Structures are given as structure tokens and as C-alpha cells.
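Topology and contacts: notes
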Amino acid sequence: MTIDVEICEVGPRDGLQIIHTFMPTAAKQAWIAAEAAAGVREIEVCSFVPPKLIPQFADATEVVGQAKSVSGLSVAALVPNFKGAERAIAAGVDKLSFTLSVSTAHSLANVRKTPDEQLAEFQAIVATLKTLPPERRPLLSGGLSTVFGCAIEGEIPDATVVRYAVALAEAGADDVSLADTTGVGDPAQIRRLVAAVRAEIGDMPMALHLHNTMGLGLANVVAGLEAGIRAFDSSLGGLGGCPYAPGATGNIVTEDLVFMLESMGLRTGIDLDRLIAVREIIAAALPDEALYGHVQHGLPKRWSDLRGGSHVAAA
Ligand code: ZN
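Below or above, wherever it landed, is the structure these notes cover. (Residues numbered from 1 in each chain as written. Predicted model: local features only at pLDDT ≥ 70, side-chain atom pairs only at ≥ 80, totals over all residues. Heavy atoms only, no water.)

1. Thoughts on the overall build of the protein
Defined as follows: By the criteria applied, helices consist of DSSP H or I runs no shorter than four residues and strands consist of E runs no shorter than two, each listed in order from the N terminus. Two things to know: the radius of gyration comes from C-alpha atoms, and the globule rule equals 2.2 Å times the number of residues to the power 0.38. We call a residue buried when its accessible area falls under 20% of the maximum for its residue type, exposed when it is over 50%, and partly exposed in between, using a 1.4 Å probe and counting protein chains only. Contact criterion: two residues are considered in contact whenever any of their non-hydrogen atoms come within 4.5 Å of each other.
A tally of helices and strands in the protein yields 14 helices and eight strands. Compactness check: the protein gives a C-alpha radius of gyration of 18 Å against a globular reference of 20 Å for 315 residues, within 12% of the reference. Its C-alpha atoms give the protein principal-axis dimensions of roughly 50 × 40 × 40 Å. Scored against the burial criterion, the 315 residues of the protein give a buried share of 56%. Residue pairs in contact within the protein that sit at least 24 positions apart in sequence constitute 72% of those at least 6 positions apart.

Take a look at the structure:
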């Protein structure tokens, strides 16, 4: 089936990283399998950070192992540094999501390295990937965080963002992903920065990772679409945040994003009714966590027949 917009579910990583209650491994596995069954083709399933820093990801290798058995699923994992990348490669991920914060203060708080030191880690990962046989080589996503503003430093100059995007592209990234880590970006800024980066990195694939802190998440998606972006991260139930980005709330809600895109005639390959049902797995495993979103309250009459739900399932 033709897909117009790729959605990467990041809830099991971005959503869980600030939740102190350990989500049982079996529940994570059930969540991942159920979303894949609903048609989600890529899931960022965990982060390869030291378990003593974020115990939530102590089971990263097991989670990747199970996710790899789900047919047709691209299994991504966040890797904050070279060591994390080594563990993720050993676990067999399909995609390494590396992140470099363009804010020095956020970068130091998050990974205790400056942006330039993070760039050196990225280059070391590329060098290691080149030693692997092609069939064992995961894709490497070059993610930039705090692109649209930092909770500590405030606004980041566009030129800084463009410089690091070019550096990741030149170093060997397979795509460049721009993250609004704190959710303070606005549609005009999205259009401006996507165009500025696009002008320098040519036709390399680009993605957006958006948070909904100020309620502009879906407006920013539309701005991204207008600027030519066809890949977005989102999180089921809008789980998410960053432990080192004070005030950042959840990611954009996967269910609402699918509803908007499918309503606009953009195919995601995702069955919205089945996707909404996956919320029950999270609610049961993490009963104290708030789940966000709108479309779970009920879809417009006949929407499912026309655009999603049984229509997609039957296709
Ligand atoms: Zn995020």
C-alpha cells in the first residue's frame, strides 16, 4: 500500500524516559506488537543509556529482541553516545537515532558533552558502522534537539542549527531529524528552519520530532508538511518529555496525528480504531500516568468507513 507520510512511534522511548514507574517488559512488548499490528511501521522502542541513569531502559536488549521478531517493523533506538550505539548494534536494531543538542547548556545537562563533542561521538559511530557488513549495518538518523528553542538557553540562532545539520549530513547521517524538544516552536519557525536546513543538505530525507507543550504540535505538523516533510515522530497518548528540558510535556499524540493526516487524504497505513485500542495496554500497565489526545473520545460519524478503521484494515 502507498504511504504518503511515515509516522515513527516514539512512546516506548520518549514517553517512558521520564516515567519513574518501571513498565514491565511484557507490557512494553505487547504495546510494540499491538501498534505494529495497527499498521505502525517504525517504532523507537527504547534508549541505550546506562541503566543506572534511566532504569526504565534496563531491559533495552530484551525489548529490541522481541521487536525484531515483529514482521515488517523497523526497530529504532535512541543512542546518546558511542557506547550506546555499540550496545544497540549488538542488540540488532534497524535504526540508530542519535541526538545532538544545538544548545550547549542542554547538551551538557543531557549528555555532559558540548555539541562539538557530540559531533565527534557521531563521527565515531559512523566509523564503526562502516566496518560492519552492509546487511548488519543499521541506518543512522542524525537528530538535532532543542532546535526551536531551549528551556535553559532560550532561542538558538538558525545558523547554529543549519551548521550542525550540515555537519551530521556530511559525517554520514542517513537522515536529519529536527526536534522541538521543549515544544516551543511555532509554524512560521518550522517553515523557516526546515527550508534553511533543506537548502544546505539537498534531498537527504528529513523528519520532525514535535512536542505539544504549547498546543501547537499539529499546527507545526501542517507547517512541516507544507515545507515538504513526510516523516514525523509522535507518541501514543502523548506520553513524553525530557528529564533535562524543564517544562517539556508530551510528544504530539499519534492517534490525533493519524486522524489529521488521514482526514487530509494523506495515507499513513495505520488503522485508527486499532491504534486507539492500544491505549488500554498503557493504561493498564501505568495506571497513574495521564494519557492525552482527542480522537479516542469518538470519531466523527462514518469517518472510520470513509478513511480509516475497517477501510484500512480491509485494504
Ligand atoms: Zn522528544
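2. Focus on the coordination of the zinc ion
Our working definition: In this listing, donors mean N, O and S atoms no farther than 2.8 Å from the metal, or 3.2 Å for Na, K and Ca; water is missing from the atoms, so a site can look incomplete.
For the zinc ion, every protein donor is listed as Asp14 (OD), His209 (NE2) and His211 (NE2), and the spread of their distances is 2.0 to 2.1 Å. Taken in chain order, the donor set of the zinc ion reads D-x194-H-x1-H. On the criterion of sequence distance, the pair formed by Asp14 in helix α1 (residues 11–15) and His209 in strand β7 (residues 206–210) is long-range, its members being 195 residues apart. Take His209: its relative accessible area is 6%, and that puts it in the buried class.

3. Remarks on the sheet that holds strand β3 (residues 74–79)
The strands making up a sheet are joined through hydrogen bonds of the backbone, oriented either antiparallel or parallel. What counts here: Strand pairing follows a simple DSSP-based rule, namely that at least 2 bridges must link the two strands. For helices, the axis comes from a line fit to the C-alpha atoms of the stretch in contact; other axes are also lines fit to C-alpha atoms, and the angle between any two N-to-C directions lies between 0 and 180 degrees.
As summarised here, the arrangement of the eight strands in space is β1-β2-β3-β4-β5-β6-β7-β8, forming a closed barrel in which the pairing is parallel. Averaged over all neighbouring strand pairs, the angle between strand axes comes to 25°, with direction disregarded. Sheet contacts for helix α2 (residues 25–37): β1 (6–9) and β2 (42–47); angle to β2, the most-contacted strand, approximately 165°.

4. Section: the side chain of Gln66
The following threshold applies: Nitrogen and oxygen atoms within 3.5 Å of one another constitute a polar contact, given that in protein one can donate a hydrogen and the other can accept it, and given that sequence-neighbouring residues count only through two side-chain atoms.
Assignment of secondary structure puts Gln66 in helix α3 (residues 60–68). Taking relative accessible area as the criterion, Gln66 reaches 17% and is therefore assigned buried. In terms of polar contacts, Gln66 uses its side chain to reach the backbone carbonyl oxygen of Gln29, at 3.4 Å.

5. Brief notes about the pattern of salt bridges
As a working rule, side chains carrying opposite charge can pair if their charged atoms are close by. Selection criterion: What makes a salt bridge here is a side-chain nitrogen of Lys or Arg within 4 Å of a carboxyl oxygen of Asp or Glu, nothing more.
Summed over all chains, the structure comprises twelve salt bridges. Here Asp94 and Lys68 are joined by a salt bridge, their closest N and O atoms 2.8 Å apart. With a gap of 26 residues between them, Asp94 in the loop between α4 (82–91) and β4 (95–101) and Lys68 in helix α3 connect regions that are remote in the sequence. Here Lys68 falls in the partly exposed class, since its relative accessible area comes to 39%. Shared partners join several salt bridges into a network, and the residues in it are Arg13, Asp14 and Glu44.

6. Overview of the packing of aromatic side chains
Using the following cut-off: Pairing of aromatic side chains here covers Phe, Tyr and the six-membered ring of Trp, requires ring centres within 6.5 Å, and sorts the geometry by plane angle: under 30 degrees stacked, over 60 edge-to-face, intermediate tilted. Whether a charge sits over a ring comes down to the Lys NZ or Arg CZ being within 6 Å of the ring centre and within 35 degrees of the ring normal.
All told, the structure shown has one aromatic pair when counted by the stated rule. Taking the ring centre of Tyr164 as reference, the NZ or CZ of Arg163 above it sits at 4.9 Å.

7. Observations regarding the packing of α2 against α3
Formally: Angle categories are assigned with fixed cut-offs, so that under 35 degrees is roughly parallel, over 145 is roughly antiparallel, 65 to 115 is roughly perpendicular, and the rest are oblique. Throughout, a crossing is termed right-handed when the near helix is turned clockwise from the far one, and left-handed when it is turned anticlockwise from it by less than a right angle.
It is the contact of α2 with α3, at a shortest axis distance of 10 Å, that shows an interaxial angle of 30°. The pairing of α2 with α3 is recorded here as roughly parallel in orientation. The chirality of how α2 crosses α3 is right-handed. On α3, the residues that touch Thr25, Lys28, Gln29, Ile32 and Ala33 of α2 are Glu62, Val63, Gln66 and Ala67.

8. Details of the nonpolar core
Going by this rule: Put simply, buried Ala, Val, Leu, Ile, Met, Phe, Trp, Tyr and Cys residues joined by side-chain atoms within 4.5 Å make one nonpolar core.
Val45, Phe48, Leu96, Leu144, Leu178, Leu208 and Phe232 are the most contacted members of the largest nonpolar core, which has 91 residues in total. When residues in this core are grouped by element, the largest group, nine residues, is from helix α7 (residues 158–171). If we ignore the near neighbours within four places in the chain, the residues touching Leu208 are Phe148, Leu178, Ile190, Val194, Asn220, Gly224, Ile229, Ala231, Phe232 and Asp233.

9. Some points on the pairing of β2
Rule in force here: Handedness of a crossover is defined as follows: orient the strands so they point away from the viewer, and if the path from the first strand over the helix to the second runs clockwise, the crossover is right-handed.
Burial within β2 is extensive, with six of its six residues counted as buried. Note that β1 and β2 share two bridges and pair parallel. Directly across from Cys8, in β2, lies its bridge partner Glu42. In this region the chain leaves β2, passes through α3 and returns to the parallel neighbour β3; the handedness of that crossover is right-handed.

10. Topic: the side chain of Asp175
Within the secondary structure, Asp175 is located in strand β6 (residues 175–180). Polar side-chain contacts of Asp175 include one of 3.5 Å to the side chain of Lys95. Looking at Asp175, its side chain comes within polar contact range of the side chain of Ser141, at 2.7 Å. Setting aside residues up to four positions removed in sequence, Asp175 forms contacts with Lys95, Leu140, Ser141, Gly142, Met204 and Pro205.

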